[in-house]
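Next come the chains, spelled out residue by residue.
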Amino acid sequence: MKRVRSALFGLVFMTASSSTYADWRFGAETGALYESNLSNSDRASDVQSDWAWQGEAHASNGLQLTRDLRLDVGTDFRSVAWSEYDAFNRIGAGVSTNLRYRFGLGRLAPWLLLDERIGYDHFQQSAQSRWDETAALRGGIFLTERMALEAGYTFENLASSGDFFDRQGHRLDAGMIFDLTSSLQVRVGYSFRNGGVISYAVPPRPDVFRIATVRVGDTAFGAYPLYNAYRFRAETHAASLTVGYTLTRYLSAQAGYEYSVTVHDSLSYENHRFEAKIIFAY
Amino acid sequence: MVHMIACLVVAAGSSYIKAGTLEVTVKDLKGAPVSDAVVYAKGNGTQLTHSPKQQVIDQQNKQFVPYVTAVQVGTAIIFPNKDNIRHHVYSLSPAKKFELPLYTGVPAAPVLFDKEGFVTLGCNIHDWMIAYVAVLATPYLKVTGNDGHVRLTDLPSGRYTVEAWQPLLKRKPEELAQVIDLSSTTSKAIAFSMELRPDFRARRAPDLGTGGYP
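Presented here is a report on the structure given in the accompanying data block. (Residues numbered from 1 in each chain as written. Chains lettered and ligands numbered in written order. Predicted model: local features only at pLDDT ≥ 70, side-chain atom pairs only at ≥ 80, totals over all residues.)

### Considering the environment of serine 161 of chain A
Step number 1: Within the secondary structure layout, serine 161 of chain A lies in the loop between β7 (147-160) and β8 (167-179).
Step number 2: When the C-alpha positions of serine 161 of chain A and serine 129 of chain A are compared, they lie 5.9 Å apart, and in sequence the two are 32 residues distant. (Helix = DSSP H or I, 4+ residues; strand = E, 2+ residues; numbered from the N terminus.)

The following block contains the structure:
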């Protein structure tokens, strides 16, 4: 199935990039990321935080099929390097395609976007290395010239080299984007995810063992104390605030904060995530 | 002989029609010069040129050039695409609604701007591309540069209503109108003070939305 999809992606990509009407777009971004609960632990004594440098480069080609319909195909390379817990360091690449339909002319017209991405991420802890597939349906509308509403559904499928890290999830999200000044934007968002999560805890945890699939003695957070990794289904609610600032015609800076709480029956854990990055696009 | 006499009469008459000059400065409320402001003079006896010269608005490096164009009613504008990608020029403005769908090179025909008003141009592919056309019922019009200054020349003797407009102007241009009299003098200087809205045009740099340019 993956081969068929990869072949389809390749075909679409080659068709679009060989088009006379290629409209290439290149981009790169880099920045810092902090997770207050990288281990997704519910007990305070198990919580491990860390920060990382992340980077991404991408190229895409746009093909306006009709007045309102646009096809984009792209490829990306991305990496994350954590300061302390290098088991989570990863490097990956992917291909994506999306089809956007806009109900009218201009940026204020409502739009729908169908997006599919397939990628492979190689983790330093090889058991986590995985195929990563996301499919999303998104839509948006400008409520005023300075205020837009976006919402979407995303299905994600992570297929790891070892079965333990396989996960699937469904996510609904919505956000409002405000243009505060000519160069300053703010996005307020909320998302709900239902799907598999990996939570780390120092055993014994019979309460978690009861609801989860267990990987005993995972060394992602070191050998002492030795954690177990638990996989189970949970619901995650997340609220986020992102600020974007246009620096030049091709460059902008973004900083974001997200608070999330993940719940399964009586088990729950929180995470505070901070992100700051510089984004270039041409 | 008759022709010679006629020419002499016309020449003598024309020496009595004084050509006036109007110096106009446009500033914002803080006193800074305002560029891309259209300054135009309307007189009771204003004669429109019958066949205004065709104007050009280019698309270069995914931008319209120039940003603001002022033309007389009845002017045709051609929109050459100098990029090696396709553009889709459109306007939803009541004064001129049109589309030039997905094209490269020079369109086969220019677009005729035959109704007075202010027209906003966009590209349906590149949302940040925006330009304005002021379509006015007078041949006495100009667009300010970075110094916020224009000089309107060759105005026949008489009274004029002078107005100024800019894409970010908060009020109607009629509210800024000034009446000047060029009957007794051949040159005059006036100034406009404009209150401008913040500039909220779409960005080319990456923004927080996902629906625009990928």
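### Thoughts on the sheet that holds strand β9 (residues 96-103) of chain B
Two strands in a sheet stick together by hydrogen bonds in their backbones, pointing the same way (parallel) or opposite ways (antiparallel).
All names here are of chain B.
Step number 1: If you trace the five strands from one edge of the open sheet to the other, you get β6-β12-β11-β8-β9, paired in mixed fashion. For this open sheet the edge positions go to β6 (68-72) and β9, each flanked by a neighbour on one side alone. Averaged over all pairs of adjacent strands, the angle between strand axes in this sheet comes to 20°, irrespective of strand direction.
Step number 2: Bridge analysis of strand β11 (residues 117-123) against strand β12 (residues 130-136) gives six bridges, and the strand direction is antiparallel. Bridge assignment links threonine 120 to a residue of β12, and that residue is tyrosine 132. (Pairing = 2+ DSSP bridges. Axes fitted to C-alpha atoms, helices over the stretch in contact; angles between N-to-C directions.)

### What about the interface of chain B and chain A?
Step number 1: If you look at the interface, chain B gives 26 residues, while chain A gives 36 residues.
Step number 2: Take the side of chain B that touches chain A: its biggest share by element is three residues, from strand β8 (residues 87-93) of chain B.
Step number 3: Broken down by class, the residue content of the side of chain B that touches chain A amounts to 13 nonpolar, seven polar and six charged. (Contact = placed C-beta atoms within 7 Å. Nonpolar A, V, L, I, M, F, W, Y, C, P; charged D, E, K, R; others polar.)

### Quick look at the pairing of β8 of chain A
Residue and element names in this part refer to chain A.
Step number 1: Pairing between β7 and β8: 12 bridges, direction antiparallel. Within β8, the residue paired with glutamate 156 across the bridge is glycine 169.
Step number 2: The antiparallel hairpin formed by β7 and β8 contains six residues in its connecting segment.
Step number 3: Looking at chain direction, β8 and strand β9 (residues 184-201) are connected through 11 bridges and run antiparallel. By the bridge assignment for β9, isoleucine 177 is matched with arginine 187.

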